[in-house]
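# Chain and residue survey
These are the residues of each chain, in order.
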Amino acid sequence: MRYLDEATAAAVRSICDTIVPGSARVWPEVYIDGLLAGMPDGQRGAVLAAVGELAGPAADGPAALAEHQFTPGFAVLRSLACEAFYSDFVAPGAPGPGAWSEIGFAPPLAARLAKDWSYLIGDGSAGSRSDERIAPAPRGNGAAEHYDVVVVGSGAGGGVIAGELSAAGRSVLLIEAGPYKTAADYMRWEARASHELWWPPAFAEPAEPGPPLIMFRGRCVGGTTAINTKVALRPHDHDYAKWHAASGLVNDASEPFAEPDLLPYLQRVEQRLGVRERRDWGRCVHTVLPGFAAVGSKVEAVRSYTDYNCMRCGSCLQGCPTNAGKNTLNTYLQPALVEGRLTLHADCTVLRVLIEDQGGGPTATGVEYAGGDGEVHEAHADVVVVAAGALGTPGLLIRSGLGSLPGGELVGANLGFHPARLVAGLFDDVQDAHMVYPITTHCMEFARDADGGFIVEASTIQDPIGFATGLCDEGDVPISGARLTEAVRSYRYFSCLLTLVNDENTGRAFVDEDGQDRYSFGFNDSERQRIDASLAFARRVLLAAGARQVYQTQVLSTHVQGSCRMGSDPARSVVNARGECHAVRRLFVGDGSVLPRTLSVNPSLTIMALATRLADYLAAGEHGYFRADQAAVSHGTTSTASPIATTAVQVVPTPQ
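No experiment lies behind these values; they were computed from the predicted model shown. (Residues numbered from 1 in each chain as written. Predicted model: local features only at pLDDT ≥ 70, side-chain atom pairs only at ≥ 80, totals over all residues. Heavy atoms only, no water.)

## Side note on the overall build of the chain
What counts is decided by this rule: In DSSP terms, a helix is any run of H or I states spanning at least four residues, a strand is any run of E spanning at least two, and both are numbered starting from the N terminus. Note on method: radius of gyration uses C-alpha positions; expected globular size equals 2.2 Å times residues raised to 0.38. Exposure categories follow from relative accessible area, calculated using a 1.4 Å probe and restricted to protein chains: below 20% of the type maximum is buried, above 50% is exposed, and the middle band is partly exposed. Should any heavy atoms of two residues lie within 4.5 Å, those residues are considered in contact. Surface accessibility follows the Shrake-Rupley procedure with a 1.4 Å probe radius. Residue values consider only the protein chains on display as shielding. Charged-residue counts in this description rest on Lys and Arg as positive and Asp and Glu as negative, His and the chain ends being excluded. Here the site of a charge means NZ on Lys, CZ on Arg, CG on Asp, or CD on Glu.
Scanning the chain from terminus to terminus reveals 19 helices and 19 strands. Computed over its C-alpha atoms, the radius of gyration of the chain comes to 24 Å, within 12% of the 26 Å expected for a compact globule of 656 residues. In terms of overall dimensions, the chain has C-alpha extents of about 80 × 55 × 45 Å along its principal axes. Sorting the 656 residues of the chain into buried and exposed places 59% on the buried side. Of the contacts formed within the chain by residues at least 6 apart in sequence, a portion of 76% connects residues at least 24 apart. Summed over its atoms, the accessible surface of the chain is roughly 24,200 Å², and 52% of this surface lies on carbon and sulfur atoms. Considering the chain, the positive charge centre built from 52 side chains and the negative charge centre built from 73 side chains are found 5 Å apart.

## Let's talk about the nonpolar core
Note that soluble globular proteins tend to have their nonpolar side chains buried in a common cluster. The criterion, for reference: Residues enter a nonpolar core if they are buried and are Ala, Val, Leu, Ile, Met, Phe, Trp, Tyr or Cys, with the set joined through side-chain atoms within 4.5 Å.
If you look at the biggest cluster of nonpolar residues, it comprises 167 residues, and the most contacted ones within it are Tyr31, Leu77, Tyr86, Val150, Val367, Val385 and Leu587. At 11 residues, the largest contribution of residues to this core is made by helix α18 (residues 604–620). Counting residues in hydrophobic clusters, the runner-up holds 35 residues, among them Val288, Phe417, Val501 and Val555.

## Points about the packing of aromatic side chains
Short version of the rule: Each aromatic pair joins two rings of Phe, Tyr and Trp (for Trp, the six-membered one) with centres within 6.5 Å, and gets the label stacked for planes under 30 degrees apart, edge-to-face for over 60, and tilted for any other angle. We call a charge positioned above a ring when the Lys NZ or Arg CZ atom is no farther than 6 Å from the ring centre and deviates by at most 35 degrees from the ring normal.
One pass over the full model with this rule turns up 25 aromatic pairs. Ring centres 6.0 Å apart and planes at 50° place the aromatic pair phenylalanine 454 and phenylalanine 537 in the tilted group. Of the two residues, phenylalanine 454 is situated in strand β13 (residues 454–460) and phenylalanine 537 in helix α17 (residues 525–544); the sequence distance between them amounts to 83 residues. Residue phenylalanine 537 is classed as buried on the basis of its relative accessible area of 2%. In textbook terms, an aromatic cluster arises when at least three aromatic residues are bridged by ring pairs, as seen for Trp100, Phe105, Phe467, Tyr491, Phe494 and Tyr551. In this arrangement the basic side chain of arginine 217 is found over the ring face of tryptophan 199, its NZ or CZ atom lying 4.6 Å from the centre. Stacked on the ring of tryptophan 199, the Lys or Arg arginine 219 has its end atom at 4.8 Å from the ring centre.

## Examining the pattern of salt bridges
The following threshold applies: In the sections that follow, a salt bridge refers to a side-chain nitrogen of Lys or Arg positioned within 4 Å of a carboxyl oxygen of Asp or Glu.
By the definition in use, this model includes 33 salt bridges. In this structure, the salt-bridge partner of glutamate 474 is arginine 539, at a minimum N-O distance of 3.0 Å. Taken together, the residues glutamate 474 in the loop between α15 (464–470) and α16 (482–489) and arginine 539 in helix α17 connect sequence positions 65 residues apart. Judged by relative accessible area, which is 60%, glutamate 474 ranks as exposed. The exposure class assigned to arginine 539 is buried, which follows from its relative accessible area of 17%. The closest approach of N and O atoms between glutamate 504 and arginine 530, which form a salt bridge, is 3.0 Å. Residue glutamate 504 is located in the loop between β14 (494–501) and β15 (508–511), and its partner arginine 530 is located in helix α17; the two are separated by 26 residues in the primary sequence. Taken together, the salt bridges that share partners define one network made up of Asp116, Lys181, Arg192 and Glu196.

## Some remarks on helix α5 (residues 72–86)
Our working definition: A helix's residues, less one, multiplied by 1.5 Å, set its expected span.
Taking 1.5 Å per residue, 15 residues should reach 21 Å; α5 reaches 21 Å between its end C-alpha atoms and fits that length. Most of α5 is tucked away, with 11 of its 15 residues classed as buried. Aspartate 88 occupies a position one or two residues after α5 and carries a positive phi of about 75°.

## Focus: the packing of helix α8 (residues 158–167) against α18
Our working definition: The axes used here are C-alpha line fits, helices contributing only the stretch in contact, and every angle between their N-to-C directions lies in the interval 0 to 180 degrees. Put simply, a crossing is left-handed when the front helix is turned counterclockwise from the back one by less than a right angle, and right-handed when it is turned clockwise.
Viewed as axis vectors pointing N to C, α8 and α18 meet at an angle of 35°, and their least axial separation amounts to 8 Å. Here α8 runs over α18; the crossing is right-handed. Facing α8, whose interface residues are Val160, Ile161, Glu164 and Leu165, α18 presents Met608, Ala611, Thr612, Leu614, Ala615, Leu618 and Ala619.

## Describing the state of the cysteines
Note the cut-off: For this text, the term disulfide refers to a pair of cysteine sulfurs within 2.5 Å.
Inspection of every chain in the model, using the stated rule, returns 0 disulfides. Sulfur of cysteine 220: no disulfide; nearest cysteine sulfur belongs to cysteine 320 and is 13 Å away. A relative accessible area of 1% places cysteine 220 in the buried class. Among the cysteines around cysteine 348, which has no disulfide bond, cysteine 220 carries the closest sulfur, lying 15 Å off. According to the relative accessible area criterion, cysteine 348 is buried, its value standing at 1%.

## Let's talk about the pairing of strand β3 (residues 202–206)
What counts here: Whether two strands pair depends on DSSP finding at least two bridges between them.
Across 3 bridges, β3 lies against strand β4 (residues 213–215) in antiparallel orientation. Each residue of the ladder has a partner; that of phenylalanine 203, found in β4, is isoleucine 214. What sits between the antiparallel neighbours β3 and β4 is a turn of 6 residues, in which glycine 210 has the positive phi angle 160°. In terms of strand pairing, β3 meets strand β16 (residues 517–521) through 3 bridges, oriented parallel. Across the sheet, the residue bridging to glutamate 205 is serine 520, located in β16.

Right, here's the structure in full:
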């Protein structure tokens, strides 16, 4: 034990066993002590303060502890208690058994795990895995590094842009904050994946008293595409109409940007990813179909970027172990890495975009980033593409000085969430909703605002930690105690619907006085009505299908969008129709933050299509930014290829 003394450890065990009865048998304080070792000082202090606050009430019994259930400290410790137990952890010497045997969680991929708990040690072992092609990062300040393009972020936007530009012969440096992991590293192990492949959950603070909005995103090479559900849906016509209304976005003919402008890129991405319709539905889907019919609705099959090697193992959110699930790493980046056409710095944090005024106004010249060696490096480029996601991009741009430039107040504004909620129905028969490709069907009839403003996806369930942590009653109050463990013991009998609601981009991303990324939201009446209507509909479907009890999660987001709007009107947007910053030349944004309004469907396909469109524009060189093209012209040639034909694969290790 490193952070918990004997008395505090005993208090942690008591609190955990009150919140999750039975968890004392695995000695959860050992797991939580390991997590504390990897936490920043402020977060660790908050956890220890919560233990001190709740130790007395926990000793007095469940009723006394329940009086504190609405405090931030209780929420923190409830989350840790659920993770410690439902990770299937059993401390050395603890009587056990772990939770998985109690709830019957034994999918083949997880059942054969040789669990390695080293991610609790905090020794850097969760970083990029060794690879014979990986070279060390440059030493010194990296001033000699120069590329045609530096891309920040490797998800649906940045991964596509880096891959397409590399294929076009451009020299590209791709910088990713997370580790380089491939299918060889993926396993059906929620606890470890959440620490190695996901950012810690971010929270948007409400404008009025109430729970925060929790937001999830991937943190690995491939970004969220490596650990998402692979849903490939095209925008609806009403989505494009909202884009034009929000930011004046027009095409090259000065007409409102519409489906014909994006369709070729959508089709190209679909072909590259092998998008297909899937009707190999499991039992849990067939269970809820009569419920949809009973309320007068129907569902349609999902289109997804999964190939025929998909075994419906349910491991999508921990990374696909068979590579059946396509993502930007295995589809766009790995070919370039294997062939030496792309430089990748993983486990590196970009600190700021380098911006200079060389006489023609503010111009991006490269980036400053922290490497795994503890040193700060610079990489210079003719073009910089920021694709750190709708949560990461605005903060990076603000720290780079864009907030003080014309239009800077728009950076981080108009953040949208596509608010979601899982609604779980408990049935009499085993559903095994964890053994599916997680999103299998959709009810789309309410997708337009005028029709309700939401869609419902069926059927799935989170893995045990997420399921237990998210369970709430009808009043959105997280459940605990005997009611929690009783519900989770019936894990295999639950089937969940996912509601996704059209919102109006009423959130904001900003940087606080300590330089940290922060987020806020304030749903208006229309948004709240849609959220409530989607929940009511999902509950009706599950009850009509035969569910004898229904739980729900609080509102959350995995489809954050829109914090750096794309538009043709600089007064309403951060970047133009090509993705270039209105205020800074040679600086482009290429991720979901450019979406002018939140989509009514899952956004990854649209983000990849927009990224392909931007990559084509950059690769063609008509902007005149690439010095390689200028040199070729001056020598009487017409080549647009970079003088750097290939570059070594470089993955920087995690800081020690």
